[in-house]
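# Close look at the chain arrangement
As a plain string of letters, each chain reads:
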Protein chains: 2
Amino acid sequence: MEADGPPVELTRVAAEVDTRLRRLFDDELARWTELDPRLAEAIEELALVVNSGGKRLRAAFVYWAWRGRAGESENPQTAGATAAHVTDVGAAFELLQAFALVHDDIMDDSATRRGRPTVHVAQAARLAAEGWKGEPRRFGEGVAILVGDLSHAYADALMAEANPAARRIWDDLRIELSLGQYLDLRSAASGQLDWETARQVSTFKSALYTIVRPLQLGASLAAPASPALLAALEDYGRPLGRAFQLKDDLLGVLGDELQVGKPVGDDLREGKPTELAAIAFERAGGDQLGILAGIGRRDLSAAEVEAIVEVFRTAGAVEEIEARIGDLVAEAVAAIDRLPFCEQAKGALAALADYVAARNS
Amino acid sequence: MEADGPPVELTRVAAEVDTRLRRLFDDELARWTELDPRLAEAIEELALVVNSGGKRLRAAFVYWAWRGRAGESENPQTAGATAAHVTDVGAAFELLQAFALVHDDIMDDSATRRGRPTVHVAQAARLAAEGWKGEPRRFGEGVAILVGDLSHAYADALMAEANPAARRIWDDLRIELSLGQYLDLRSAASGQLDWETARQVSTFKSALYTIVRPLQLGASLAAPASPALLAALEDYGRPLGRAFQLKDDLLGVLGDELQVGKPVGDDLREGKPTELAAIAFERAGGDQLGILAGIGRRDLSAAEVEAIVEVFRTAGAVEEIEARIGDLVAEAVAAIDRLPFCEQAKGALAALADYVAARNS
């Protein structure tokens, strides 16, 4: 698989969503600045996070599942939900993602995200620079918690027009997101790097939250989707979600730091339970196990990270993960044929599947 | 004003809401335990917070504003929203409050809440007790962030049936809540203990979030409320909200620690911008100003806290705040007459106003 840029089926949706998000921030900044300019600071901080990148992948899955049901019609509005509403929902997913990232970055104490300082780090530095009272860490994390909470509220406000079927999916995916992150945190702390736990976390955070739920929600916007359609979307989304997670894990240790936008090796320092690490533990022997035991040590040097990655390679874990990604994408693409969607939407889902596997950031 | 127990108009609503919350937690614990018992831990932690007390004041304002519009009817269902739906909305406010408290407690590093260790403190201790990896503070705060996020998602799920008018109020009040808390945090850090800032924070966190918005949302559940009705509810809620905040500030320095459920003096250590402190700064002179300058020092001893409280008294700030509470409650009660509500609902709003001013926790 070649590392290609994002397909047009993604970039077109992303452009619509970005326009919507800019309008939201313009409106909100104007509204609150008028009352008290200090209030706008929290919104500006959120706008920085949202505008600093992100693939808008979830918005694309929402759009194409909706478009797929709208069929070959020249006028997708006839499907019962306007294109503007679908863009709102896509933008809601991007705000929900910003909420999750800002909060996760506190939990992981990540220093950078999308190539910029994370909110809690930037705000801690602000307290010191302003010469304000209090502990920089406490202030930085406090502001980041609030910026995340604000993003959660805005995400939800953009869901205002959703019908009850779509809303139920939205409610459940947020609960899955928080519980998945809890399991992630707990596993890293308790050292449970077992395969099953890694799979469970990945199911919540990648398969369901990133792919299956956006698809199911998109397909429900015009009218409630049948159980058969929801299941068919899951047949595509579950394997692709696993492939997405596996690719993420590879990028987390092998990726180009500038493109990935966060320090390579942090996953290892956090002891993040990945399938990659689980395979390495299974296949490693002798000295290799001693090297892997360093996973979860926050003070791992760059050389120690490199040694662990070398064990991942020599134990065959990297190769195994790459083979699995290929198999999973093929499984997802095969499931597309069974969807009652127009050809254009099917083509888009195939392009998105390839992109998920081949991306380099 | 005598410190009385809560009125029946509050306790009856609270009992309904508590039953609803118990059912939610029972259902969710069963659902997630089946998948993985570790997931249920986060929900259990949230249930502990929600079940450990709370006056359910917001739920009562929702109920009585809805009931007020239902008029004298024996069967409130005829008003267009079922009583079960109104209870759901009341429960949603309690979950939103749990979300706000758990996150605020991280920002303020509060050790106890409602007489129990706060979530981030309890979870930090858990990491140490289990002998798990990582920094206890990081883990404790991470779990508390997630428990709060989960509560936010559940709160919203209980709003599923709300009509667009009610939902707009719900969306706005959450944005006001986060921005108000941001201003609070920022003011404490930057030492802006001025009157205007204290009033602005109090407007967001007490007047709007605790009283005006629950009333307006309750009045909108059956059908959108007219601008005149929304304004009339604000005429009652704004002064009562200020009274609520002023009472809170008094309890924060003069209250009985066991009844208030959090250490007395923490507001002073955090440098919380209160109207009480603002008045004291205005009226104090000489040595008194030097004592007040200790506000915002995290290491204030009990004796230093007592000295500051003594300045509050001798400078006349406590007396002034008590007088203002009396005036504000009278202003709120006078506004009740202008509401197009049944006599029963009017009586309930009067009882709730008295309770807000006279409570001792």
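Quick note: structure is the one above.
Just so it is clear, the structure is predicted and the values come from calculations on it, not from any experiment.

What counts, and at which threshold
Residues numbered from 1 in each chain as written. Chains lettered and ligands numbered in written order. Predicted model: local features only at pLDDT ≥ 70, side-chain atom pairs only at ≥ 80, totals over all residues. Heavy atoms only, no water. Helix = DSSP H or I, 4+ residues; strand = E, 2+ residues; numbered from the N terminus. Rg over C-alpha atoms; globule rule 2.2 N^0.38 Å. Buried < 20%, exposed > 50% of the residue type's maximum accessible area, 1.4 Å probe, protein only. Areas by Shrake-Rupley, 256 points an atom, 1.4 Å probe, with all protein chains shown as cover. Lys, Arg positive; Asp, Glu negative; His and termini not counted. Charge placed at Lys NZ, Arg CZ, Asp CG, Glu CD. Phe/Tyr/Trp six-rings, centres within 6.5 Å; stacked < 30°, edge-to-face > 60°. Expected span 1.5 Å × (residues − 1). Contact = heavy atoms within 4.5 Å. Buried area = accessible area lost by both parts, 1.4 Å probe. Salt bridge = Lys/Arg side-chain N within 4 Å of Asp/Glu carboxyl O. Polar contact = N/O pair within 3.5 Å; in protein donor to acceptor, adjacent residues only side chain to side chain. Least-squares fit on C-alpha atoms with pLDDT ≥ 70 in both. Axes fitted to C-alpha atoms, helices over the stretch in contact; angles between N-to-C directions. Parallel < 35°, antiparallel > 145°, perpendicular 65-115°, else oblique. Left-handed = near helix turned anticlockwise from the far one by under 90°. Nonpolar A, V, L, I, M, F, W, Y, C, P; charged D, E, K, R; others polar. Core = buried A, V, L, I, M, F, W, Y, C linked by side-chain atoms within 4.5 Å.

### Points about the overall build of chain A
What chain A contains, in helices and strands, is 16 helices and two strands. Computed over its C-alpha atoms, the radius of gyration of chain A comes to 21 Å, within 12% of the 21 Å expected for a compact globule of 361 residues. Taken along its principal axes, the extent of the C-alpha atoms in chain A is 65 × 55 × 30 Å. Burial status across chain A gives 61% buried among its 361 residues. Accessible surface for chain A amounts to roughly 13,100 Å². Of this, 51% is attributable to carbon and sulfur atoms. Charged side chains of chain A number 39 positive and 57 negative; the gap between the two group centres comes to 3 Å.

### Topic: unusual backbone geometry
One non-glycine residue with positive phi stands out, namely A:Arg114, at about 50 degrees. Tracing the chain through its elements places A:Arg114 in the loop between strand 1 (112-113) and strand 2 (116-117).

### Points about the packing of aromatic side chains
Residues and elements named next belong to chain B. Going through the model one piece at a time under the given rule, you end up with twelve aromatic pairs over all chains. Look at Tyr63 and Trp64: their rings are 5.0 Å apart centre to centre, the planes differ by 85 degrees, and that puts the pair in the edge-to-face class. In this structure Tyr63 comes out as partly exposed when scored by relative accessible area, which is 22%. Take Trp64: its relative accessible area is 7%, and that puts it in the buried class.

### Looking at helix 2 (residues 37-51) of chain B
Residue and element names in this part refer to chain B. For helix 2, spanning 15 residues, the distance from its first C-alpha to its last is 21 Å, which sits close to the expected 21 Å at 1.5 Å a residue. Every buried residue belonging to helix 2 is among Arg38, Leu39, Ala40, Ala42, Ile43, Glu45, Leu46, Ala47, Val49 and Val50, and all of these are buried. Positive phi shows up at Gly53, right after helix 2, with a value of about 135 degrees.

### A word on the interface of chain A and chain B
Counting residues at the interface gives 60 residues for chain A and 60 residues for chain B. Both faces considered, chain A and chain B share a buried interface measuring about 5,700 Å² in area, 62% of it formed by carbon and sulfur atoms. The largest share of the area that chain A buries against chain B comes from A:Arg38, A:Arg138 and A:Tyr182, three residues that together contribute 14% of it. Linking chain A with chain B are 14 salt bridges. Residue B:Asp156 is joined to A:Arg174 by a salt bridge in which the shortest nitrogen-to-oxygen separation is 2.8 Å. Our count for the contact surface shared by chain A and chain B stands at 27 residue pairs in polar contact (both at pLDDT 80 or more).

### Thoughts on the relation of the copies chain A and chain B
Mapping chain A onto chain B is achieved by rotating through 180 degrees and translating by 0.0 Å along the same axis, at an RMSD of 0.0 Å. The relationship between the two copies is best expressed as a two-fold rotation axis.

### Examining the packing of helix 3 (residues 57-70) of chain B against helix 16 (residues 343-358) of chain B
All names here are of chain B. At their nearest, the axes of helix 3 and helix 16 sit 9 Å apart, and the two run at 160 degrees to each other. Considering their axes alone, helix 3 and helix 16 lie roughly antiparallel with respect to each other. As for the relative orientation of helix 3 and helix 16, their crossing is left-handed in sense. Residue-level inspection shows Leu57, Ala60, Phe61, Trp64, Arg67 and Gly68 of helix 3 in contact with helix 16, the latter providing Gln344, Ala345, Ala348, Leu349, Leu352, Tyr355 and Val356. Of the residues in the contact of helix 3 with helix 16, the class split is ten nonpolar, two polar and one charged.

### A short note on the packing of helix 3 (residues 57-70) of chain A against helix 8 (residues 195-220) of chain A
All names here are of chain A. Taken N-terminus to C-terminus, the directions of helix 3 and helix 8 make an angle of 35 degrees; their axes are 7 Å apart at the nearest point. Note that helix 3 runs across helix 8; the crossing there is right-handed. Here helix 3 contributes Arg58, Phe61, Val62, Ala65, Trp66 and Arg69 to the contact with helix 8, which in turn contributes Tyr209, Thr210, Ile211, Pro214, Leu215, Gly218 and Ala219. Residue classes in the contact of helix 3 with helix 8 are distributed as nine nonpolar, two polar and two charged.

### Remarks on the side chain of B:Lys205
All names here are of chain B. Tracing the sequence through the fold places Lys205 in helix 8 (residues 195-220). A polar contact of 2.9 Å, which involves the side chain of Lys205, links it to the side chain of Asp184. Those residues in contact with Lys205 that lie beyond four places of it in its chain are Asp104, Gly180, Gln181, Asp184 and Thr210.

### Observations regarding the nonpolar core
One broad rule of soluble globular proteins: the nonpolar side chains tend to lie buried together. Residues A:Tyr236, A:Phe312, B:Tyr236 and B:Phe312 are the most contacted members of the largest nonpolar core, which totals 238 residues. Residues within four places of A:Phe312 in sequence aside, it is in contact with A:Val253, A:Leu268, A:Leu276, A:Ala277, A:Ala280, A:Leu292, A:Ile295, A:Ala317 and A:Val318.

### Concerning the pattern of salt bridges
Scanning all chains against the criterion turns up 64 salt bridges over all chains. Between B:Glu141 and A:Arg138 there is a salt bridge, with the nearest N and O atoms lying 2.9 Å from each other. With B:Glu141 in helix 6 (residues 136-157) and A:Arg138 in helix 6 (residues 136-157), the pair connects residues from two separate chains. Both residues of the pair, B:Glu141 and A:Arg138, belong to the buried class.

### Focus: the environment of A:Ile279
All names here are of chain A. Take Ile279: it is sitting in helix 12 (residues 275-283). With a relative accessible area of 0%, Ile279 lands in the buried category. The spatial distance from the C-alpha of Ile279 to the C-alpha of Asp194 is 9.2 Å, given a sequence separation of 85 residues. Once you skip the residues sitting within four places of it in the chain, Ile279 turns out to touch Trp195, Ala317, Glu320, Ile321 and Arg324.

### Some remarks on the side chain of A:Thr118
Assignment of secondary structure puts A:Thr118 in the loop between strand 2 and helix 5 (119-130). Beyond its immediate stretch of four places on either side in the chain, A:Thr118 contacts A:Asp105, A:Ser110, A:Ala111, A:Thr112 and A:Arg113.

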